[in-house]
Amino acid sequence: MSAPAPPGGRIDAIDLARTVALVGMGVFHLVYDLEMFGHLPPGTAVTGGWRILSYAVAGSFLFLAGVSLHLAHGQGLRWRAYLRRLLTITGAAGLVSLGTWVMFPASFVYFGILHSIAAASILGLAFLRLPAALTLAAAGGLLLMAQTGLGLAPSLRGIWLDWTGLTASPRPSVDYVPLVPWLAPFLAGLGLAGLMARAGLWAQLERRRAAAPPIRWLAWPGRHSLAIYLLHQPVLIGLVWAGTHLGG
């Protein structure tokens, strides 16, 4: 989730946006954990506003990952930084798969948000030099495909194909973020970042970096979003477990 700083330095607005996404993620997972321990009715986390929140959080992280790809490499691909980040994200995704396989073998995370960010970061290289309008059009096409069901193949099944999002009946998972439609917000972020660069907006934001401690404190979680992502659920589950077994 975290991206390397762009060549000119970090942009506080991006880190603050990640902090907001992390807060939404924490709230949603707390509700999910409370449901898992029987404190909320079954299905609470996947219905109504909570489902919308989960979509908004996932979309935000992917959108910001697309923005970050442009900021870090839009002026030229820095292979060492790119590969270091990709290996970090991929390794973290593997840890999530392994951990959830131990806890939930029937619904482990085989292609969750980190897997999706890693795959999108690879596919995004094909769009890095394309016109922003074309990248945004590709994002719209993916959303249209998802809404209409165009491209779904009911005969395609199996874990090796479910990650694409093109199978009609994917294997259940506690966190499923396939490329269709979730590559769309990534490409939207990549395309929008390109438009903002042409307008000179990123340079303005970088010049306005805030030095005030409150801003730095609020941006701190966004600068360490991957570590927080990996650690927050064990902490939340531990707290809910403690409250369930020790509070009553």
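Residues numbered from 1 in each chain as written. Predicted model: local features only at pLDDT ≥ 70, side-chain atom pairs only at ≥ 80, totals over all residues. Heavy atoms only, no water.

Q: How should the overall build of the chain be read in this particular structure?
A: Of regular secondary structure, the chain possesses 10 helices and zero strands. Secondary structure of the chain in N-to-C order comes out as α-α-α-α-α-α-α-α-α-α. Residue burial in the chain is summarised as follows: out of 248 residues, 42% are buried. (Helix = DSSP H or I, 4+ residues; strand = E, 2+ residues; numbered from the N terminus. Buried < 20%, exposed > 50% of the residue type's maximum accessible area, 1.4 Å probe, protein only.)

Q: Just checking my understanding: could you explain unusual backbone geometry for this structure?
A: What you tend to see is this: most non-glycine residues have negative phi, and most peptide bonds are trans. Of the consecutive residues valine 180 and proline 181, the connecting peptide bond is found in the cis state with omega at 15°. Examined against the element boundaries, proline 181 turns out to sit in helix H7 (residues 179-198).

Q: I'm lost on the packing of aromatic side chains in this one. Help?
A: Describing an aromatic ring pair means giving the distance of the ring centres and the angle of the ring planes. Following the criterion strictly, the structure yields five aromatic pairs and no others. Residues tyrosine 110 and tyrosine 176 carry aromatic rings whose centres are separated by 5.8 Å and whose planes lie at 45° to one another, so their mutual orientation is tilted. Here the residue tyrosine 110 occupies a position in the loop between helix H3 (79-103) and helix H4 (113-123), and tyrosine 176 occupies one in the loop between helix H6 (159-162) and H7, the gap between them amounting to 66 residues. For tyrosine 110, a relative accessible area of 9% puts it in the buried group. Pairwise contacts between aromatic rings join Phe108, Tyr110 and Tyr176 into one cluster. (Phe/Tyr/Trp six-rings, centres within 6.5 Å; stacked < 30°, edge-to-face > 60°.)

Q: What should I look at first to understand the pattern of salt bridges in this one?
A: Two side chains that carry opposite charge are able to pair once their charged atoms sit near each other. Under the definition given, this model contains three salt bridges. Between aspartate 12 and arginine 223 there is a salt bridge, with its nearest N and O atoms 3.2 Å apart. Here aspartate 12 is found in helix H1 (residues 12-36), whereas its partner arginine 223 is found in helix H9 (residues 213-223), with 211 residues between them in sequence. Judged by relative accessible area, which is 8%, aspartate 12 ranks as buried. In this structure, arginine 18 and aspartate 15 form a salt bridge, with 3.3 Å as the shortest nitrogen-oxygen distance. In this pair, arginine 18 and aspartate 15 are both assigned in helix H1, three residues apart and thus about one turn of the helix distant. For arginine 18, a relative accessible area of 2% puts it in the buried group. A network of salt bridges, in which partner residues are shared, links Asp12, Asp15, Arg18 and Arg223. (Salt bridge = Lys/Arg side-chain N within 4 Å of Asp/Glu carboxyl O.)

Q: Looking at this structure, I do not really get the environment of proline 42. What am I missing?
A: Along the polypeptide, proline 42 turns up in the loop between H1 and helix H2 (48-73). Overall, the relative accessible area of 79% leaves proline 42 in the exposed class.

Q: I tried to follow the side chain of histidine 29 on my own but got confused; where do I start?
A: Along the chain, histidine 29 falls in helix H1. Not counting the four nearest positions on each side in its chain, histidine 29 is found in contact with His232, Gln233 and Leu236. (Contact = heavy atoms within 4.5 Å.)

Q: Is there a simple way to explain a nonpolar patch on the surface in this structure?
A: Taken together, the side chains of Leu98, Trp101, Val102 and Met103 define a hydrophobic patch exposed on the protein surface, amounting to about 450 Å² of accessible area. Note on placement: valine 102 falls in helix H3. What makes valine 102 exposed here is its relative accessible area of 59%. (Patch = residues over 30% accessible without salt bridge, like charges linked within 9 Å, V, L, I, M, F, W, Y side chains within 5 Å. Areas by Shrake-Rupley, 256 points an atom, 1.4 Å probe, with all protein chains shown as cover.)

Q: Please explain the nonpolar core as it appears in this structure.
A: Considering soluble globular proteins, one finds that nonpolar side chains tend to be buried as a cluster. Formed by 40 residues in total, the largest nonpolar core has its most connected members in Phe61, Leu62, Ile113, Leu114, Leu183, Phe186 and Leu187. Contributing elements (two or more residues each) for this core: H1, H2, H3, H4, helix H5 (132-148), H7 and helix H10 (225-246). Residue contributions to this core peak at eight residues, all from H7. Here leucine 62 is in contact with Ile113, Ser116, Ile117, Val177, Trp182, Pro185 and Phe186, once residues within four sequence places are set aside. One finds Ile11, Val67, Leu71 and Trp202 within the second-largest nonpolar core, a separate group that totals seven residues. (Core = buried A, V, L, I, M, F, W, Y, C linked by side-chain atoms within 4.5 Å.)

Q: I would appreciate a short explanation of the side chain of aspartate 33 in the present structure.
A: Residue placement: aspartate 33 occurs in helix H1. The side chain of aspartate 33 sits in the buried core without any salt bridge; arginine 51 is the nearest counter-charge, 16 Å away. Setting aside residues up to four positions removed in sequence, aspartate 33 forms contacts with Gln233, Leu236, Ile237 and Val240. (Lys, Arg positive; Asp, Glu negative; His and termini not counted.)

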